[in-house]
Amino acid sequence: MEANDTVQTGPVSPLVLQIVAPGDIVLDLAKAGKVVRLGGGLRQDGDSVVVTRAGRLRHMQANNKYWVEGSQKRYVPNVEDGVIGVVVDRRFESYSLDIGAPTYAILPILAFEGATRRNAPNLQPGAAVYARVVKAHRDVQPELSCMDVSNKSSGFGSLKNGYVFECSTGLARSLLSKPMCPVLEALGKRFSYEIAVGLNGRVWVNAQEPSTIVAVSNGILASEFLTPAQQHIMVAKVIERMQ
Amino acid sequence: MDFISPEGLRLDGRRPLELRQLQAEIGVVEKADGSATFEMGNTKVIAVVYGPREVQSRSQQQHDQALVRCEYSMASFSTGDRRRRGKGDRRATELSLVIRQTMEAAILTNLLPRSQIDIFVQVLQADGGTRACCINAATLALADAGIPMRDIVASCAAGYLNSTPILDLNYLEDSGGGPDLTVALFPKLDKVSLLQMDSKIPLDVFEKVMNLASEGAKAVAQFIREKLMENTKQLVLAKGR
Amino acid sequence: MLQSKSFVKKTRHGKVLKVVREHYLRDDIACGTISCTVCDNSKACLSSSSGQIIVFDTNVALHQIGLLENAAVSNVVVLSLVLEEVKNKNIGVYNRLRTICSNPSRNFFVFSNENHRETYIKGLAGESPNDRNDRAIRVASKWYHAHLGPTSKIVLVTDDAENRRRALAEGIVALSVHEYVQTLGNAELLDLIIRTGSEEAQTTGDAEDLRPSKRKVIYPEHKLMSEITSGLHKGIYHQGKLRVNRYNGFEATVSSESIGEEILIQGRMDMNRAFDGDVVAVELLPEDQWQANSLGKIAEDADEDDNEEAVGLVPDVAEAVTDTVAAGRAGRPRGRVIGIIKRNWRQYCGSLDPMLNSGGAGGFVHALFSAADRRIPRIRIQTRQFANLVNKRIIVAVDAWDRTMRYPAGHYVSTIGDIGDRDTESEVILLENDVNNKPFSKQVLDCLPPLPWSLAAEELQNPNRRDLRHIRVFSVDPPGCRDIDDALHCTLRPDGNYEVGVHIADVTNFVLPDTPLDEEASKRGTSVYLVERRIDMLPKPLTEDICSLRADVERLTFSVIWEMTPEAEILSTQFTKAIIKSCAAMSYAEAQARMDDSRLSDPLTVDLRNMNRLAKIMRKRRIDRGALTLASPEVKFEIDSETHDPLDVGMYQIREANQMIEEFMLAANVSVAEKIFGHFSQFSMLRRHPVPTPKMLEPLLLTAAAVAVDLDISSSKALADSLDRAVGGDPYFNKLIRILATRCMTQALYFSSGDLPPPEFHHYGLASPIYTHFTSPIRRYADVVVHRLLAAALGLIKLPAGLRDKALLTTVADNLNYRHRNAQMASRASVELHTLIFFKNRPTDTEARIVRIKSNGLIVFVPKFGIEGPVYLTGKKDTKDESDWIVDEQSQTTVSRDGKYRYKVLDKLVIHIEVVEPQPNRPKLQLTLVEQPNA
């Protein structure tokens, strides 16, 4: 991943928004001659930018950043991603969390709002935690935090009760998109439930009734390949079956 | 035995330079991170990929690159006579190694240090060219898992029977006693990553057969690419964006 | 390009194995008609305008292949389905059909209907495979009709009435073979049709009227194939190739691996319709019926009058161990044929037996055909042209042999020529031995360099070609030899050693691999020498001019050059391509005369004498090593240059000069064999001579014991020494023993070195661990192969692809062995033919030697003419008279009951030779006793 400081816009790759496959060359740096930022799924090989993952090529005009957006089951940590991890181990200063990434992530004991040496939440292995990625580099273990930049909890923390299920990273991303994802909107009209979506492809749902949890989970999983209109119909059917 | 009739047709009706029918399906195993089946005629292989994930045994962890493991096996129903085939026999071990090395060359292992990638390949139906078919299936499964790769790997076999180079041998032709050469290559980089043959042939014939196998592999690569794009497109478009 | 649709075909094997194979259907298969605008017609050969296009079914191909081979049948579509079925049922017919298809002048087009999208059909439920195939043929015919438009005329030829009916219902013109041939309007062709099925019933009905007694079942039934297989498994039956006795058509042997011994089959009933060469299943008879008396009669089965031992040339080597059975054994397994696993039917040359009521001209006549090969029974054929054929040599093919038929049924194929005409008889010899004497095709002749050929300047510049034109090279060959393929030189070096060179015509310089010329030569394998002519392996311009190392012309050679000490020790060996200019082409007699003439001392004569001296040393050394000096009674005819009739006949004289040349050729062959084997251990073409088994030598030992000669057969060296010691009362005795020994030897064989372990390479006769043929590339293809191998070993050429393929080389070697054997047989047959012509007008009395004793006569050998044949002591019809003679097997003597006459093996006697013709068209030599030697 190549990054330069100054942001300049140059000619944009003709493949933007196209589907690309590994080995495809999307940009010739010699011709582009400008500052280019590369995100996930791209690699610099000499003067050319080569795709390493199948997906859709995206480009952000603002900072001239390219990345490949695909839908994988396996999560690759990125800074500022909200993820749901499961505690695997507790050490002296930190917890080890499985966030579905190639390696376990670290959650320091003090990375909770208002936590001190004496007063820190005690998490047991198996507990689900909604956290934010603060460090993501391939050479070190990813680091998580249950506080936002202003050291407030803002929703992060241990997830009590409820149900965690896995889905593809692509679905997770679409659940978090704005405007609000049609399936969540439609479900919200009928049920009241709590939801936390981790970009690592894990979703936590909680509600009063177990049946609601089941309905919401199924509705979300079923929505992956449906258009907004289909999602509404699907949700309607789920609701119908509930009654 | 005549493998090519004087009319220029092979036993199954192909011409010497033709591939068998290719078919592929991506994402066939729900649970896995990546999976695919690949068919070359009657040869059918399923490949399943798990990872990158935490290395299972610490001692094998590599701090600068991912650990790639591969296991090849043959279903007991894959050939005409049904028999149990272990995955520890000589042939399976050799094939596991070959597939692992070929795929390792394609994966950008340095991007995934301290992690492990498992590739499981199983032959569901064997009709010649299993080696090539396994590599093709593994490529698709890896791509499905979103593991960063230099390029697609595509593979194809070619042989030399009745003094004619022929592409993509089926079982009958494979057992015809001629050389059987398997090539795997990176089509975009135009680099060979695997070249296997275990018989003696003259150099000039070898070149012909090698070129033919490479051409075949490129055609297979084109097919794999199309399949992959189609699959990705489906996934992306289905989200209604 | 790949317009394919895939589906599966399921077949089941014995082991209940499901085989799934792909079958691709295509759109790009051409119809093969020249006028077609849709298809790719680069290979098209059918003309849709000039009349009908023929489609035929599998049975037509299987039964009427002879008809299809006739040039009158043309414009034919051969469906791939038909080819496939024919291939499964009869590979011989398949090959013949393929040959027709590949002949561009015949306009046979192979249409891959099974791979064409529109003509492929799936079998329907309840439809038998045969019905499905018949339907596929109809679909293909219909497709042609639709494809070529309504003006086209597609004719489906089939003998299946049901198929015809359905075809007509579907709007396809369908004819039976008979109807179709009638449309061709050629009466001769009708004879080519083989009658099958319903027509057969009708015609044998006619036969019944003529000979009612023959309708009854004559032969025992053949067992079912399944019974045979299970019987073979259990060891009740034995499988093997039936070999009919050359001298007695009613006696045959089957050498079965399962019993390890030869099983004797006697009489027509026990042979049960098997032909020579058929693979048969045999059941052993009870032991009390085993033959105790192994001597046998010369000819038995008195009820047949056409089979008796014939006078012929002496066999060169053991080819039929069958009639050289050892005595002293309790009995020999006897068996009878209970089934035929694989037929070995081919086409046979011969003539029709004359008949009294030959029927009207053009009428349908049943005739009996006698093959030239006596091992073949008579064949019944039907013909409309009996009057034309009765005094012709004709070719006949066998169709069937039912239990009710005394003789096999066959049909006429073609005419060779008049009986008795020498050209016709020679033609018969060639055909019987599968020798191709057709002129070379244009493609082959196109490969020749332009004539007149002369040494090109660039050859002189070639760094790999040594210029040896300044060296005194000469050649020694039989008189009148036109294809001189070897020449020699021998010069004294300043250091006292000799430089000896063997120069062989560089044939591979002109015969390049994978050219039509090379393929043709490879097929022919060898030149065939008949008494009056030669059938060349290579076209004449090559054999007699460009490659022939004649005197005073510059020629290209492949040379072996040794440096030898005066004691004939080889110090170094060089192989090189060279240019020579021979200074003399001598005959053996001339060379011998020069050496013997003490007045001459010119350089050439000195060279000859030096060589001769070296050769003698080498020969002595070779014999000391254990090489056998064998003898074969070669005969030489003096031929009238005008009429080509033999004027005189005599044994071939062997001079020192012959032995000298032979010695150097052997040395060259051995040197080359070592060289090529050193480079190409897996695919060198070598020649081996297997050690004879003790069983093969048994008859020799028996004879030797009878005349009190002690032979040691433990090794070739021991045998050679004991042969040397075997000196009898007269000078010819030793030679006779050697001739008998030669006869017990096996054939030398070509083989590929990758096929056998090195100890098997041994050449028994020459006592050499490795041997090959290098010195006669003009007349032997093996030498051409060896030349290429040697050139590749020297790095002069790249080894052609054909020689790098082990399997291919093995097939080449097998073909060469087959051709070589046939060429020898043809030569012998030709000599026999000329012997017959020679004695026709010259009844002669001459001396003969007894070589074997039989219960009713003697087998004698006539040294002067190299012929061997029976002399009957008893009246030959009267088998009861056997008791007049008492035979002692152990001492190989026969004594007349009154004690007046006594004959012992190797005895001398005088016989009378004359030509008799007991049956028309089958003249033969008859030997009779003239003078009785003293008891």
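Predicted model only: the values in this text are computed from it and were never measured.

Conventions adopted
Residues numbered from 1 in each chain as written. Chains lettered and ligands numbered in written order. Predicted model: local features only at pLDDT ≥ 70, side-chain atom pairs only at ≥ 80, totals over all residues. Helix = DSSP H or I, 4+ residues; strand = E, 2+ residues; numbered from the N terminus. Buried ≥ 20, exposed ≤ 12 C-beta atoms within 10 Å, placed from the backbone. Contact = placed C-beta atoms within 7 Å. Pairing = 2+ DSSP bridges. Axes fitted to C-alpha atoms, helices over the stretch in contact; angles between N-to-C directions. UniProt positions renumbered as here; feature names shortened; annotations may be inferred. Nonpolar A, V, L, I, M, F, W, Y, C, P; charged D, E, K, R; others polar. Parallel < 35°, antiparallel > 145°, perpendicular 65-115°, else oblique. Left-handed = near helix turned anticlockwise from the far one by under 90°. pLDDT = per-residue confidence, 0-100.

Draft legend 1. Spotlight on the overall build of chain A. Assigned secondary structure in chain A consists of 5 helices and 16 strands. For chain A, the residues scored as buried account for 41% of the 243 residues in total. Contacts in chain A between residues at least 24 apart in sequence constitute 63% of all its contacts with a sequence separation of at least 6.

Draft legend 2. Representation of the overall build of chain C in the model. A count of helical and extended segments in chain C gives 26 helices and 38 strands. Residues classed as buried in chain C amount to 41% of the 935 residues present. Counting only contacts in chain C whose residues sit at least 6 apart along the sequence, the fraction spanning at least 24 positions is 67%.

Draft legend 3. Spatial organisation of the sheet that holds strand β2 (residues 25–28) of chain A. Residue and element names in this part refer to chain A. Here we have 3 strands laid out as an open sheet, ordered β2-β5-β4, and antiparallel in their pairing. Lying at the two open borders of the sheet, with one neighbouring strand each, are β2 and β4 (42–45). Mean inter-strand twist for the sheet, computed between neighbouring axes without regard to direction, equals 25°. Where β2 lies against strand β5 (residues 48–51), 3 bridges are found, and the strand directions are antiparallel. Paired with Asp28 across the strands is Ser48, a residue of β5.

Draft legend 4. Geometry of the interface of chain A and chain B. If you look at the interface, chain A gives 26 residues, while chain B gives 32 residues. Counting residues per element, the ones that place at least two in the side of chain A that touches chain B are β6 (55–60) and α2 (169–175) of chain A.

Draft legend 5. Here's a closer look at the UniProt feature "domain: Exosome complex exonuclease Rrp40 N-terminal" (unreviewed entry) in chain A. Mapped onto this structure's residue numbering, the UniProt feature "domain: Exosome complex exonuclease Rrp40 N-terminal" (unreviewed entry) falls at residues 36–74 of chain A. Segment residues 36–74 of chain A splits into 0% helix and 54% strand. End C-alpha atoms: 26 Å apart.

Draft legend 6. Looking closely at the pairing of strand β9 (residues 191–196) of chain B. All names here are of chain B. Strand direction decides the pairing type here: strand β8 (residues 180–186) and β9, joined by 5 bridges, are antiparallel. For Val183, the partnering residue across the bridge sits in β9 and is Leu195. Hairpin geometry of β8 and β9 is characterised by an intervening segment of 4 residues between the two adjacent antiparallel strands and by a positive phi of about 60° at Asp190.

Draft legend 7. Structural detail: the environment of Glu427 of chain C. Residues and elements named next belong to chain C. On the secondary structure map, Glu427 appears in helix α13 (residues 422–432). For the pair formed by Glu427 and Gly417, sequence separation is 10 residues and the distance between their alpha carbons is 8.7 Å. With residues up to four places along the chain from it excluded, the contact list for Glu427 reads Ile416 and Gly417.

Draft legend 8. The arrangement of the interface of chain B and chain C in detail. Taken together, the contact pairs 16 residues of chain B with 19 residues of chain C. Each residue belonging to the side of chain B that touches chain C can be placed in one class, and the counts come to 3 nonpolar, 7 polar and 6 charged.

Draft legend 9. Local environment of helix α3 (residues 80–89) of chain C. Where α3 of chain C is concerned, the buried positions are Ser80, Leu81, Val82, Leu83, Glu85 and Val86 of chain C. The secondary structure elements touched by the buried residues of α3 of chain C are β3 (53–56), α1 (58–63), β4 (76–79), α4 (91–101), β5 (108–111) and α5 (129–148) of chain C.

Draft legend 10. Geometry of the packing of helix α20 (residues 656–679) of chain C against helix α24 (residues 781–793) of chain C. All names here are of chain C. Closest axis-to-axis distance for the α20/α24 pair is 9 Å, and the angle between their directions is 60°. Judged by the inter-axis angle, α20 sits oblique to α24. Viewed along their axes, α20 and α24 form a crossing whose handedness is left-handed. On α24, the residues that touch Val672, Lys675, Ile676 and His679 of α20 are Val786, Leu789, Leu790 and Ala793. The residue makeup of the contact of α20 with α24, split by class, is 6 nonpolar, 1 polar and 1 charged.

Draft legend 11. Inspection of the sheet that holds β4 of chain C at higher detail. Residue and element names in this part refer to chain C. Spatially, the 5 strands line up as an open sheet ordered β5-β4-β3-β6-β7, and their pairing is parallel. The open sheet is flanked by β5 and β7 (173–175), the only strands paired with a single partner. Sheet twist, expressed as the average angle between the axes of neighbouring strands with direction ignored, equals 30°. The strands touched by α3 are β3, β4 and β5; relative to β4, the strand with the most contacts, the crossing angle is about 60°.

Draft legend 12. View of the environment of Asp270 of chain C. Mapped onto the elements, Asp270 of chain C comes out in helix α11 (residues 267–271). The residues contacting Asp270 of chain C, other than those within four sequence positions of it, are Ile265, Arg336 and Val337 of chain C.

Draft legend 13. Fine view of the confidence of the model for chain A. All names here are of chain A. Model confidence for chain A is summarised by a mean pLDDT of 86, while 95% of its residues fall at 70 or above. In the model of chain A, helix α1 (residues 29–32) stands out as the element of lowest mean pLDDT, 78, in contrast to strand β16 (residues 202–207), which has the highest, 94. The model gives residues 1–8 a pLDDT under 50, and that stretch makes 15 contacts with residues more than four places away or in other chains.

Draft legend 14. Region of the structure containing the environment of Arg138 of chain A. By the secondary structure assignment, Arg138 of chain A is in the loop between β11 (128–135) and β12 (143–145). Contact partners of Arg138 of chain A, with chain neighbours within four places excluded, come to Leu111 and Pro113 of chain B.

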